[in-house]
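Take a look at the letters that make up each chain.
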2 protein chains.
Amino acid sequence: MAGEIPFTYLRGLYMTEDFAAGAGGRDLLEKAPAADIVTFVSDEVMRHMSGTEHPQGVLALVDIGAVRREPLSGYPAIFLEDIQDPGNLGTIIRTAEAAGISAVYMSSGCADILSPKVVRSTMGCLFRVPLIRLDGEEFYVEIKRQQEQGVRFVAAALGGTRAYDEISYDEKTAFLVGNEGNGLSARAIASADEKTIIPMEGHVESLNAAVAASILMFEAARQRRV
Amino acid sequence: MAGEIPFTYLRGLYMTEDFAAGAGGRDLLEKAPAADIVTFVSDEVMRHMSGTEHPQGVLALVDIGAVRREPLSGYPAIFLEDIQDPGNLGTIIRTAEAAGISAVYMSSGCADILSPKVVRSTMGCLFRVPLIRLDGEEFYVEIKRQQEQGVRFVAAALGGTRAYDEISYDEKTAFLVGNEGNGLSARAIASADEKTIIPMEGHVESLNAAVAASILMFEAARQRRV
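Criteria and cut-off values
- Residues numbered from 1 in each chain as written.
- Chains lettered and ligands numbered in written order.
- Predicted model: local features only at pLDDT ≥ 70, side-chain atom pairs only at ≥ 80, totals over all residues.
- Heavy atoms only, no water.
- Phe/Tyr/Trp six-rings, centres within 6.5 Å; stacked < 30°, edge-to-face > 60°.
- Helix = DSSP H or I, 4+ residues; strand = E, 2+ residues; numbered from the N terminus.
- Buried < 20%, exposed > 50% of the residue type's maximum accessible area, 1.4 Å probe, protein only.
- Lys NZ or Arg CZ within 6 Å of the ring centre and 35° of its normal.
- Least-squares fit on C-alpha atoms with pLDDT ≥ 70 in both.
- Contact = heavy atoms within 4.5 Å.
- Pairing = 2+ DSSP bridges.
- Axes fitted to C-alpha atoms, helices over the stretch in contact; angles between N-to-C directions.

Visitor: Looking at this structure, how should I read the packing of aromatic side chains?
Guide: Aromatic ring pairs are reported here in terms of the distance separating the ring centres and the angle at which the planes meet. Residue and element names in this part refer to chain A. This structure, assessed with the given rule, holds 10 aromatic pairs over all chains. A ring pair is formed by Phe79 and Phe153, whose centres lie 4.9 Å apart and whose planes are at 70°; its orientation type is edge-to-face. You can see Phe79 sitting in strand 4 (residues 77–80) and its partner Phe153 sitting in strand 7 (residues 152–156), a full 74 residues away along the chain. Assigned by exposure class, Phe79 and Phe153 land together as buried. In textbook terms, an aromatic cluster arises when at least three aromatic residues are bridged by ring pairs, as seen for Phe79, Tyr105, Phe139, Tyr140 and Phe153. Just above the ring of Tyr140 sits the side chain of Arg187; from NZ or CZ to the centre is 4.1 Å.

Here you go:
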């Protein structure tokens, strides 16, 4: 990850002696733009700073401007409605980069992308995947706007009529994924061009939201490769 | 979920008045084997009992014997080496049921399946998916034993030579998935019949362990349906 930190936005690096002595630490120290932004801290201080029991031993202070706000060209994109769990949101952002998603659009009911748990679970992808937050009405207006430009919205919904792998994602596709407990709102489902389901065995009622989003995004990536 | 709780193992039900008044609560009260196992508690007490800020309003006291220990017949199965995060482990168990996995085998370095966070994130699947914990050496002995019976072990590893969707999972397959931070051990990778990768775009180094496991399990499910 070190090589991919946007150094122009880097304001400070905090690390333990143990981390600095390892391969990742040596690499980071070599690449750091200036020595005076590096501060060495004790394990105890690192635990307090990171807010976790078992920190990795390194923290970066990064300018908020480093978060990308402009979508990459191309599709698929993903629209998230009220993903409240920070771990789920961070995991979706991480998977989105790996699956080649051009932008993650979030309704105002989604967790704060700058909360520590989201930042941690994105594993650095926060600064590479375009993240676009749309307040209130704007989320639905943006769906409409993109539809008018030929984007096809595929909603993951229990009432879906086609399995996710029976749909072709080779045109301009945007996925619509909803809240952990309630799924997508009736309004979001109604706005979609297609409703899809992930076929499930056993007695499971639903998948974890990050798992469902990941399966959809990687099916699109699989189809592109085939 | 209510209909799928193994009632013979149910020792107690605790719920708030609000939960009891809803559809899920009424359904559960109707199905409860005896009225005297139900206790109504205040929101305040529920918060303390559940240990979460926003509990769902219902808790069940269930006999440990309700956890299944015998694999279902058939494959695929999944072997987890040192999945330490309780949320990841619970999510994998939940996804495993949805993907039709016959058993989840866990090394002794995996999180405790009876820890509150694992129990919560399985969403009830804990009592339906066979969960087999193998201490120390036993984990690797079981891999060997199943291989001798014709099971093919597919390891998710960065050095994998074939993409996960280029492999056919129609025979007896077991997936091998490793630790969040370090991946599979060299020993586990060496024991596998095949090493696979999930092709990734961008600069992502790895996927979340539960996401990676889910993509593999659902690819096998997709191939069965095609």
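Visitor: Mind showing me how you'd approach the relation of the copies chain A and chain B here?
Guide: Relative to chain B, chain A is turned by 180° and slid 0.0 Å along the rotation axis, the superposed coordinates differing by an RMSD of 0.0 Å. Taken together, the rotation and translation describe the operation of a two-fold axis. A shared binding surface is used by both copies, with 100% of the interface residues of chain A retained as interface residues in chain B.

Visitor: Sorry if this is basic, but what is going on with the sheet that holds strand 9 (residues 173–177) of chain B here?
Guide: The strands making up a sheet are joined through hydrogen bonds of the backbone, oriented either antiparallel or parallel. Residue and element names in this part refer to chain B. Reading across the sheet, the 7 strands line up as 6-5-4-9-7-10-8 and stay open at both edges, with parallel pairing between neighbours. For this open sheet the edge positions go to strand 6 (131–134) and strand 8 (162–163), each flanked by a neighbour on one side alone. The sheet contact formed by strand 7 (residues 152–156) and strand 9 spans 4 bridges and is parallel. Across the sheet, the residue bridging to Phe153 is Ala174, located in strand 9.

Visitor: Sorry, what's going on with the sheet that holds strand 3 (residues 58–62) of chain B here?
Guide: Residues and elements named next belong to chain B. Pairing is mixed in the open sheet, where 3 strands are placed in the order 2-1-3. Either end of the sheet is taken by a strand with one partner, and the two such strands are strand 2 (38–40) and strand 3. Adjacent strand axes in the sheet meet at a mean angle of 20° when their direction is disregarded. Docked against the sheet, helix 2 (residues 23–31) engages strand 1 (10–15), strand 2 and strand 3, running at close to 150° with respect to strand 1. Relative to strand 3, helix 3 (residues 43–50) is tilted by about 50°, and along the sheet it contacts strand 1 and strand 3.

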